[in-house]
Amino acid sequence: MKNIRIAIQKSGRLNEDYIRILKECGISIDNGKDQLKASAKNFPMEVFYLRNGDIPQYLIDGVVDIAIIGENVLLEKASNIETTEKLGFSSCRVSLAVPKSFKYKDINDLDGKKIATSYPNTLKNYLIEKGITADLHMINGSVEIAPNIGLADAICDIVSSGSTLFKNNLKEVEVMYKSEAVLAVSPQLDEETRKILDDLKFRIKAVLRGRNSKYILMNAPDNKLQDIIKILPGMRSPTVLPLAEKGWSSVHTVINKDKFWEVINELKNAGAEGILVCPIEKMVL
Ligand code: AMP
């Protein structure tokens, strides 16, 4: 049987997240610290550990079939590559930043200025769209020091928490776009490999739904059941089971992990007790 060839970043902060999602999909592979290639033990997959910036070209050439990669890298290197799933991690922004002392009103303030970046294509397209002409300086890494050493008036870089900008006396003034890790697909994918991709996507979806949801259960007096059920933004309809003690029931449902804190007080006020919140490993609809 054929293997699907997946590219992931060789090292760096995202590598662990990538390995983790494959593992949660039931696919076990060796950690690739000193490897270029590894085979999955229990899924028709070969993993190629590559440099992040090289991955888009490998996809275009069909050297790999799919990749887990940041949208920001794809947009910079190969904006026409198909992406099938947003993976919900490695979130960041690609932003413009200027020294704190820069009296910035809007993007027109960057007209005629020097901007340092590792994302020249992305920046060029953005500036064209905004009708701004600027002098672009391509730098590989540590872009944030450029204004401090007099190399540029502004920078365009990846921002996550913003602490790197803060430490370098810079302020974020424009969010050009938001990025996260995605599953990207080679335009050269054949039918047989696409079937393996469909199986992988099915697993990834189940994992992501699980990550985004919580299983909650609580005890409720029977005369409060209707009020409590109304509060629960559940999947379909909650499960209600009688407790050994007469007049009480146990209510079970699945809710979005972000919704839980919004409804907890309402549930308590409506009479729910002993509320348990449990993680969900996988969820198949
Ligand atoms: P922060 O200080 O959290 O804003 O992170 C800033 C630096 O971390 C950036 O300059 C990037 O080099 C790197 N970084 C943050 N998030 C990501 C990401 N999702 N992908 C790649 N690099 C990132």
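Small disclaimer: the values here were computed from a predicted structure and weren't measured.

Re the nonpolar core
Then, in step 1: Counting residues in hydrophobic clusters, the biggest one holds 31 residues, and the most contacted among them are Met45, Ile68 and Leu200.
Then, in step 2: Elements that contribute at least two residues to this core include exactly strand S1 (4–9), helix H1 (15–24), strand S3 (45–50), strand S4 (66–70), strand S11 (181–185) and helix H6 (191–211).
Then, in step 3: Broken down by element, this core gets its largest block of residues, six residues, from H6.
Then, in step 4: Once residues lying within four places of it in the same chain are set aside, the contact partners of Met45 are Asn3, Ile4, Ile6, Leu22, Ile27, Ala38, Ser39, Ala40 and Leu200.
Then, in step 5: Leu110, Leu123, Leu127 and Ala154 belong to the second-largest nonpolar core, a separate cluster that totals 16 residues.

Some details on helix H8 (residues 260–269)
Then, in step 1: Among all positions of H8, only Phe260, Val263, Ile264 and Leu267 are buried. End-on view of H8: buried residues confined to an arc of 125°, all on one side of the axis. In H8, the exposed positions angled more than 90 degrees off the buried face are occupied by Trp261, Glu262, Asn265 and Asn269.

Let's talk about the packing of H1 against H6
Then, in step 1: It is the contact of H1 with H6, at a shortest axis distance of 9 Å, that shows an interaxial angle of 105°. Looking at the two axes, H1 sits roughly perpendicular to H6. Every residue of H6 that contacts H1 at Arg20, Ile21, Leu22 and Glu24 is listed here: Leu200, Ile204, Val207, Leu208 and Arg211.
Then, in step 2: Here the residues of the contact of H1 with H6 are counted per class, giving six nonpolar, no polar and three charged.

Details of the pattern of salt bridges
Two side chains carrying opposite charge are able to pair once their charged atoms lie near each other.
Then, in step 1: Within this structure, the stated rule accounts for 13 salt bridges.
Then, in step 2: For Arg93, the salt bridge identified is with Glu172, shortest N-O distance 2.8 Å. One end of the pair, Arg93, is in strand S6 (residues 92–99); the other, Glu172, is in strand S10 (residues 170–179), with 79 residues separating them in the sequence.
Then, in step 3: A relative accessible area of 22% places Arg93 in the partly exposed class.
Then, in step 4: By relative accessible area, Glu172 is classed as partly exposed at 30%.

Thresholds, definitions, all that
Residues numbered from 1 in each chain as written. Predicted model: local features only at pLDDT ≥ 70, side-chain atom pairs only at ≥ 80, totals over all residues. Heavy atoms only, no water. Core = buried A, V, L, I, M, F, W, Y, C linked by side-chain atoms within 4.5 Å. Buried < 20%, exposed > 50% of the residue type's maximum accessible area, 1.4 Å probe, protein only. Helix = DSSP H or I, 4+ residues; strand = E, 2+ residues; numbered from the N terminus. Contact = heavy atoms within 4.5 Å. Arc of directions from axis to C-beta. Axes fitted to C-alpha atoms, helices over the stretch in contact; angles between N-to-C directions. Parallel < 35°, antiparallel > 145°, perpendicular 65-115°, else oblique. Nonpolar A, V, L, I, M, F, W, Y, C, P; charged D, E, K, R; others polar. Salt bridge = Lys/Arg side-chain N within 4 Å of Asp/Glu carboxyl O.

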